[in-house]
Amino acid sequence: MAVTIRKGRDSITKRVLLGRPLRSDTLGHTLLPKRIALPVFASDALSSVAYAPEEIFLVLSVAGLSAYAFSGWIGLAVAVVLVVVVASYRQNVHAYPSGGGDYEVATKNLGAMAGLTVGSALIVDYVLTVAVSISSAAQNIGSAVPFVEHHKVLFAITAITLLTAVNLRGLREAGTAFAVPTYAFMFCVGVMLVWGFVRLVVSDVPLRAESSHYELAAEQSHLAGLAFAFLLARAFSSGCAALTGVEAISNGVPAFRKPKSHNAATTLLMLGAIAITLLMGIIVLAERLGVLVAADPATQLSGAPAGYHQKTLIAQVAETVFTGFPLGFYLVTAVTALILVLAANTAFNGFPVLASVLAQDKHLPTQLRTRGDRLAFSNGIVFLALGAIVLVWMFDAEVTHLIQLYIVGVFVSFTLSQTGMVRHWTRLLATETDSRHRRRMQRSRVINGVGLAMTGTVLIIVLITKFLAGAWIAILAMVSVFVMMRAVNRHYRRVAVELDPANWDGLLPSRTYSIVLVAKLHHPTRRALAYASATHPDTLEAITVDVDEEDTRNLVREWESSDITIPLKVLESPYREITRPVLEYVRRVRGNSPRDVVTVFVPEYVVGHWWENLLHNQSALRLKSRLLFQPGVMVTSVPWRLHSSEAK
């Protein structure tokens, strides 16, 4: 009776895709300078300017063209919130540079429950970041390539898979690969904005988008008073998607080069300045060009030609600004789609670090704690990719549907984080006597206090305006993740209590009873018998299961004629089972002498090729897995290496 084992080796495919393994002591070489850290950690927030303005316009379109006049004010409100959040998180990265980010801040200052709330919110939001960014990329490419528009789900899943492979190769290689496209996006969109405003000022002919010639019919033209205020609040909450990704830098501080906190804070400042400039520029320019985007173009846009395909807002701006220069339009569309794909990289860098911290605190499986061959948190990367693929498939890669689930989690973490930071500075001020340090702490507390007030207000607005539109799904997901993490933590704590050496009773088994499983009398069986004899058990016997009467008779005759002195017992099996008769026999042995320890020796084949596993009996593998659950029973594998394994 033997089970086959294949000798482990590195897969050639894995080496080609991921590269050679990296030594642990080379981790310092994978750390990022600011010029690489900016595109790695800030690409999400920078890329959100590609869809956040459009979401503002889409919500306002419900009230008709006149509502677009409020787009600039809404954009300005979003920019103010972004300034406050960036300033607040600059305090966070200095105070907590270990990489726990909002989770660590909330846990240390507000308690474990608040920390888990933040952790569950960020986990859900990171998955949504990947799904929204990739879906928006598919939508932007679809503006120029209709084939992608008709196969958005396939495009999104393929993009997530490729992005996963790149990140599995390691942080530095991912950062280098993403730096050029991110800077290309900043440059191309910056040129588009400058050239667009120049043309608006100097052109004799009014510069108008193609969609400006259509009529935008209001779905709810009667909105007024509180109803219209609610619409503006909903547009504002959609525009706040531009703030997602800011927290990733606080989670990724350990990935920066030294001085880590200083470099992370500087990167945050650059992120805020660039994101606000691009966000406000696109909103104002789109409004000046008369760009129209409708939630339902077929019913809201009149005057549009039959089969009209609505381009994204940024694509319409680029097409108008670069009239007569189509290369400019395609270039902006391409770099926008590319950075939206790469924006998911913010989550691919932030989520695995957060998952590792949560796993270290025993809230997630410990497999998420360790780094893989390329010094990346491989398990966290794969887990994130699978979650995003499921969301893309469920919501058909539609940004408008996914965006309703978005930003709830990030503002939950924003609010709790700022609450924790206020308490952090208050606690330090209670013991600090140096006046210079006290002034710095008081200034930081004021900044975090303003951040708390601002993010708390936005969270309330988001919950009120988006709950029925789909935010309840995100909240339900956060609650589910929270409950799951609590269950994982309870399991680990229960196991720790069971394994506590203080609970060891010190009792030793009175005798040892060894059993060797036998299917045939061959080399693996003889080696198992020899090894079992070398352990000097009090009782040693061999057993075989009678599943074929003729084979069993032949085995017994061969055994009796051999030089083996160990007795062979034959277990009857009228239903030709192997596992159950062996288990029942082992239980009887244990029942007769409960203080004895029973050791079962299992001969195993070691093979060199995967297909050889299919050619050998696997019944012993099933038996081993069942024996592991029997109290007082030890299972010992005795390998026999076939020639095919020796060449590996």
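Rules used throughout
- Residues numbered from 1 in each chain as written.
- Predicted model: local features only at pLDDT ≥ 70, side-chain atom pairs only at ≥ 80, totals over all residues.
- Heavy atoms only, no water.
- Axes fitted to C-alpha atoms, helices over the stretch in contact; angles between N-to-C directions.
- Helix = DSSP H or I, 4+ residues; strand = E, 2+ residues; numbered from the N terminus.
- Parallel < 35°, antiparallel > 145°, perpendicular 65-115°, else oblique.
- Left-handed = near helix turned anticlockwise from the far one by under 90°.
- Contact = heavy atoms within 4.5 Å.
- Nonpolar A, V, L, I, M, F, W, Y, C, P; charged D, E, K, R; others polar.
- Salt bridge = Lys/Arg side-chain N within 4 Å of Asp/Glu carboxyl O.
- Buried < 20%, exposed > 50% of the residue type's maximum accessible area, 1.4 Å probe, protein only.
- Phe/Tyr/Trp six-rings, centres within 6.5 Å; stacked < 30°, edge-to-face > 60°.
- Lys NZ or Arg CZ within 6 Å of the ring centre and 35° of its normal.
- pLDDT = per-residue confidence, 0-100.
- Patch = residues over 30% accessible without salt bridge, like charges linked within 9 Å, V, L, I, M, F, W, Y side chains within 5 Å.
- Areas by Shrake-Rupley, 256 points an atom, 1.4 Å probe, with all protein chains shown as cover.

Draft legend 1. Looking closely at the packing of helix 4 (residues 71-95) against helix 18 (residues 408-429). One way to put it is that helix 4 packs onto helix 18 with a least axis distance of 11 Å and a crossing angle of 55 degrees. Considering their axes alone, helix 4 and helix 18 lie oblique with respect to each other. Between helix 4 and helix 18 lies a crossing whose hand is left-handed. Contacts between helix 4 and helix 18 involve Val81, Val85, Ser88, Tyr89, Gln91, Asn92 and Ala95 from the former and Phe411, Ser413, Phe414, Ser417, Gln418, Met421, His424 and Trp425 from the latter. Class assignment for the residues of the contact of helix 4 with helix 18 results in eight nonpolar, seven polar and no charged.

Draft legend 2. Broad picture of the pattern of salt bridges. The tally for this structure, following the rule as stated, stands at nine salt bridges. Residue Lys569 pairs with Glu541 through a salt bridge whose shortest N-O separation is 3.3 Å. Within this pair, whereas Lys569 is found in strand 6 (residues 568-572), its partner Glu541 is found in strand 5 (residues 539-546), the two being separated by 28 residues in sequence. What makes Lys569 partly exposed here is its relative accessible area of 36%.

Draft legend 3. Local environment of the packing of aromatic side chains. What the rule picks out here adds up to eight aromatic pairs. Between the aromatic rings of Phe57 and Tyr68, the centroid separation amounts to 4.8 Å while the plane-to-plane angle is 55 degrees, which identifies the pairing as tilted. Of this pair, Phe57 sits in helix 3 (residues 52-60) while Tyr68 sits in the loop between helix 3 and helix 4, placing them 11 residues apart in sequence. Residue Phe57 is classed as buried on the basis of its relative accessible area, which comes to 0%. A residue is classified by how much of its surface remains accessible, and Tyr68, at 3% relative accessible area, is buried. Each residue in the set Tyr89, Phe411 and Phe414 is aromatic and connected to the rest through ring pairs, giving one cluster. In this structure, Lys362 is placed above the aromatic ring of Tyr492, and the distance from its NZ or CZ to the ring centre is 5.4 Å.

Draft legend 4. Just the confidence of the model for the chain, in detail. Scored by pLDDT, the chain comes out at a mean of 81, with 87% of its residues at no less than 70. In this model residues 4-10 is a low-confidence stretch, pLDDT under 50, and it forms 21 contacts with partners more than four residues away in sequence or in other chains. For residues 22-29, every residue scores under 50 in pLDDT, and the model assigns this stretch 10 contacts once sequence neighbours within four places are set aside.

Draft legend 5. Structural context of a nonpolar patch on the surface. A cluster of nonpolar residues, Phe187, Val191, Val194, Trp195, Val198, Val201 and Val202, forms a patch on the protein surface that exposes about 690 Å² of accessible area. Tracing the chain through its elements places Val201 in helix 9 (residues 171-202). Since its relative accessible area comes to 70%, Val201 is described here as exposed.

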